[in-house]
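Listed below, chain by chain, are the residues.
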Amino acid sequence: MSIVQNRKAFHDYFIEERYEAGIALEGWEVKAIRAARAQINDAYVIVKDGTLWLVGAHVSPLATASTHVTPDPLRARKLLLHAGEIERLIGKVQQRGFTLVPLDLHYAKGRIKAEIALAKGKLKHDKRATEREKEWQREKQRLLHRR
């Protein structure tokens, strides 16, 4: 079940591979995400010291979440993957010009997971071609629906 999606990623990137990663969250963040107070539109994934970090994801704190913790809505959150997956992703990002983008946050067996993608950036003409293809598919559905 999806909590929040990054639709902008599909517009800006060609998605090559998808991975499901755990996220190291604090208690107030879990409560806020369950209350749908998260946003990942401007988020991205960086590689730092052999680990992956989710940067730019905004989690708005709840007023009742905690009285003794000062929440930072934009803090970097560590992504949890198997060591082999991390090595493979780091290699592809460094060598082939790929980037890592978060696609969505969702529940898996009661835990909050992030779906990240290995992606290549689209150029302007690629974005226009994708938009034309979507418009054609919509028009085709309209024509078939009228009959």
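Residues numbered from 1 in each chain as written. Predicted model: local features only at pLDDT ≥ 70, side-chain atom pairs only at ≥ 80, totals over all residues. Heavy atoms only, no water.

Participant: How should I be thinking about the overall build of the protein in this particular structure?
Facilitator: When helices and strands are tallied, the protein shows 4 helices and 9 strands. Beginning at the N terminus, the succession of helices and strands in the protein can be written as β-α-β-α-β-β-β-β-β-α-β-β-α. By principal-axis analysis of the C-alpha atoms, the protein measures approximately 60 × 40 × 30 Å. When each of the 147 residues of the protein is scored for burial, the buried share is 34%. (Helix = DSSP H or I, 4+ residues; strand = E, 2+ residues; numbered from the N terminus. Buried < 20%, exposed > 50% of the residue type's maximum accessible area, 1.4 Å probe, protein only.)

Participant: What is the right way to look at the nonpolar core in this model?
Facilitator: Generally speaking, a soluble globular protein has its nonpolar side chains buried in company with each other. Within the largest apolar cluster, 28 residues are counted, with the highest numbers of intra-cluster contacts made by Leu52, Leu79, Leu81, Leu89, Leu105 and Ile116. Of the residues forming this core, the biggest block, 4 residues, is contributed by strand β9 (residues 111-121). Beyond its immediate sequence surroundings of up to four residues, Leu89 is in contact with Tyr19, Leu52, Leu81, Leu100, Ile116 and Leu118. Ranked by size, the runner-up nonpolar core spans 5 residues in total, among them Ala9, Leu103, Ala117 and Ala119. (Core = buried A, V, L, I, M, F, W, Y, C linked by side-chain atoms within 4.5 Å. Contact = heavy atoms within 4.5 Å.)

Participant: When you look at the packing of aromatic side chains in this model, what are you seeing that I'm missing?
Facilitator: To describe a pair of aromatic rings, you give the distance between the ring centres and the angle between the ring planes. Scanning all chains against the criterion turns up 0 aromatic pairs. For the cation-ring pair, Lys120 lies above Phe98, with the distance from its terminal atom to the ring centre recorded as 5.0 Å. (Phe/Tyr/Trp six-rings, centres within 6.5 Å; stacked < 30°, edge-to-face > 60°. Lys NZ or Arg CZ within 6 Å of the ring centre and 35° of its normal.)

Participant: Even after reading the chapter, I still don't get the pattern of salt bridges, so can you show me in this structure?
Facilitator: Where side chains of opposite charge bring their charged atoms close, a pairing between them can arise. Counting across every chain of the model gives 8 salt bridges. Within this structure, Glu26, Glu29, Arg75 and Arg77 form a network of salt bridges that share partners. (Salt bridge = Lys/Arg side-chain N within 4 Å of Asp/Glu carboxyl O.)

Participant: Any chance you could explain the pairing of strand β2 (residues 13-23) here in plain terms?
Facilitator: Looking along a regular strand, one sees side chains alternate from face to face of the sheet. Relative to β9, β2 runs antiparallel, the two being bridged by 9 bridges. Of the residues in β9, the one forming a bridge with Glu20 is Glu115. Note that β2 and strand β7 (residues 77-80) share 2 bridges and pair antiparallel. Looking across to β7, one finds that Ile23 is bridged to Leu79. (Pairing = 2+ DSSP bridges.)

Participant: Got a minute to help me understand the environment of Ile116 in this structure?
Facilitator: Within the element layout of this structure, Ile116 appears in strand β9. On the basis of relative accessibility, which here comes to 0%, the residue Ile116 falls in the buried class. Between the C-alpha atom of Ile116 and that of Thr70, which follows or precedes it by 46 residues, the distance is 28 Å. Residues within four places of Ile116 in sequence aside, it is in contact with Glu17, Arg18, Tyr19, Val45, Leu52, Leu79, Leu81, Leu89, Val101, Pro102 and Leu103.

Participant: Teacher, can you tell me more about the sheet that holds strand β1 (residues 2-5) here?
Facilitator: The strands making up a sheet are joined through hydrogen bonds of the backbone, oriented either antiparallel or parallel. Taken in spatial order, the 7 strands line up as β1-β8-β9-β2-β7-β5-β4 in an open sheet, and their pairing is antiparallel. If you trace the sheet from one side to the other, it starts and ends with β1 and β4 (44-48), each paired once. With strand direction ignored, the average angle separating the axes of adjacent strands in the sheet is 40 degrees. (Axes fitted to C-alpha atoms, helices over the stretch in contact; angles between N-to-C directions.)

Participant: How should unusual backbone geometry be read in this particular structure?
Facilitator: When glycine is set aside, most residues are seen to have a negative phi, and most peptide bonds are trans. The phi angle at Asp49 is positive, at roughly 55 degrees, despite the residue not being glycine. Position of Asp49 among the secondary structure elements: in the loop between β4 and β5 (51-55). By relative accessible area, which is 76% here, Asp49 ends up exposed. Of note, the phi angle at Lys109 is positive, near 55 degrees, even though the residue is not glycine. Looking at where Lys109 falls in the secondary structure, it is placed in the loop between β8 (99-108) and β9.

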